[in-house]
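Secondary and tertiary structure notes
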Amino acid sequence: MRRPLLALFAIALAGTGCFRALNPRDFSTSASLYRAGIEAYDRGKWRDAINAFERLTLDLPTRDTLLARAHWYLGQARFRNKERLLSAQSFIRLTESFPDDTLADDALFMSGRAYAVLWARPELDPQYGILAQTQFRLLLGVYPASVFADSATYQLRRLDEMFAEKDYATGVLYLRRKAYDSGILYLREVVEQWPNTDKARLSMLRLVEVYRLPAMNYKQDAEEVCAALRAGFPTDSEVRRLCKLSPGDTTAVRR
């Protein structure tokens with residue numbers, strides 16, 4: 001009884017397509033391959049969808065109305081299959097080849113997302129973060145009315161926080177090693193490049209501390225940074241502690 005049951009089980013699995021991946025050569029027309037790719041995508045069979053749409057992007061004529069959609073679904077299937085770099089490349093091809101297509105801004109946003117996912121932590125090489133930033137800025141510049149404009153702006157703010165965090169951590173590391181000049185350079189860069197991030201505030205606080213060190217003794221620089229901190233963060237407890245207001249200074253009250 002064991003062998004017949006195993007045979008029946010194998011036949012049942014074969015009927016569900018578990019043993020056989022989608023082969024683009026089995027389809028006589030691009031339309032039928034496209035439908036098979038959509039079906040595989042809807043069922044979450046990412047590898048089959050990738051096989052179908054990758055073939056379509058190679059075979060379809062430039063003016064074929066399915067080509068932009070093939071690039072789109074190829075990018076989406078690759079993204080969901082965790083092939084982030086290939087996914088970004090597919091979306092970029094769509095945008096570059098069909099800038100007037102209704103999916104062009106969608107693809108530009110998704111290419112930025114794919115790159116952003118690749119830069120998962122600030123301490124890693126920021127190459128993909130820079131590429132993500134480029135894609136989101138391009139979206140806002142070329143398609144300012146896109147429904148993804150607000151999302152792109154949010155993603156840019158998130159990336160700014162990560163860039164700032166990376167340089168802030170580097171600056172603090174230099175300070176701990178008493179390489180004060182190098183630490184100051186990184187902390188200043190945070191303040192100048194990403195002034196609207198929380199790490200900018202922290203960088204300014206660290207700058208005040210290092211400027212006041214006996215080894216540095218940059219009293220005027222410390223006071224200038226404190227003045228900026230008092231103006232920008234009048235109610236912040238750490239600012240109040242480190243940069244005490246003078247008796248006649250009512251900046252905090254006015255703000």
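Anything mentioned here points back to the structure above.
Since the structure is predicted, the reported quantities are computational estimates derived from the model, not experimental observations.

**What about the pattern of salt bridges?**
- Evaluation of the coordinates by the stated rule reveals 13 salt bridges.
- A salt bridge links Arg-43 to Glu-39; the shortest N-O distance between them is 3.7 Å.
- Glu-39 gets classed as partly exposed once you look at its relative accessible area, which sits at 45%.
- A salt bridge links Glu-238 to Arg-241; the nearest nitrogen and oxygen atoms lie 3.8 Å apart. Here Arg-241 and Glu-238 lie together in helix H12 (residues 237–242), a separation of 3 residues that amounts to about one turn.
- In this structure, a network of salt bridges that share partners links the residues Arg-206, Glu-209, Glu-238 and Arg-241.

**Some details on the side chain of Arg-84**
- Along the chain, Arg-84 falls in helix H5 (residues 84–97).
- At a separation of 2.4 Å, a polar atom in the side chain of Arg-84 contacts the main-chain carbonyl oxygen of Phe-79.
- Excluding residues that lie within four positions of it along the chain, Arg-84 makes contacts with Arg-78, Phe-79, Ala-114, Val-117 and Leu-118.

**Comments concerning the state of the cysteines**
- Tallied over the entire structure, the rule returns 1 disulfide.
- Here Cys-226 connects covalently by a disulfide to Cys-243, the sulfurs 1.9 Å from one another. In this structure, the disulfide formed by Cys-226 and Cys-243 twists by about -70° around the S-S bond and is classed as left-handed. Highlighted residues: Cys-226 in helix H11 (residues 219–232) and Cys-243 in the loop between H12 and helix H13 (251–254), separated in sequence by 17 residues.
- According to the relative accessible area criterion, Cys-226 is buried, its value standing at 0%.

Reading the values: rules and limits
Residues numbered from 1 in each chain as written. Predicted model: local features only at pLDDT ≥ 70, side-chain atom pairs only at ≥ 80, totals over all residues. Heavy atoms only, no water. Salt bridge = Lys/Arg side-chain N within 4 Å of Asp/Glu carboxyl O. Buried < 20%, exposed > 50% of the residue type's maximum accessible area, 1.4 Å probe, protein only. Helix = DSSP H or I, 4+ residues; strand = E, 2+ residues; numbered from the N terminus. Polar contact = N/O pair within 3.5 Å; in protein donor to acceptor, adjacent residues only side chain to side chain. Contact = heavy atoms within 4.5 Å. Disulfide = S-S within 2.5 Å.

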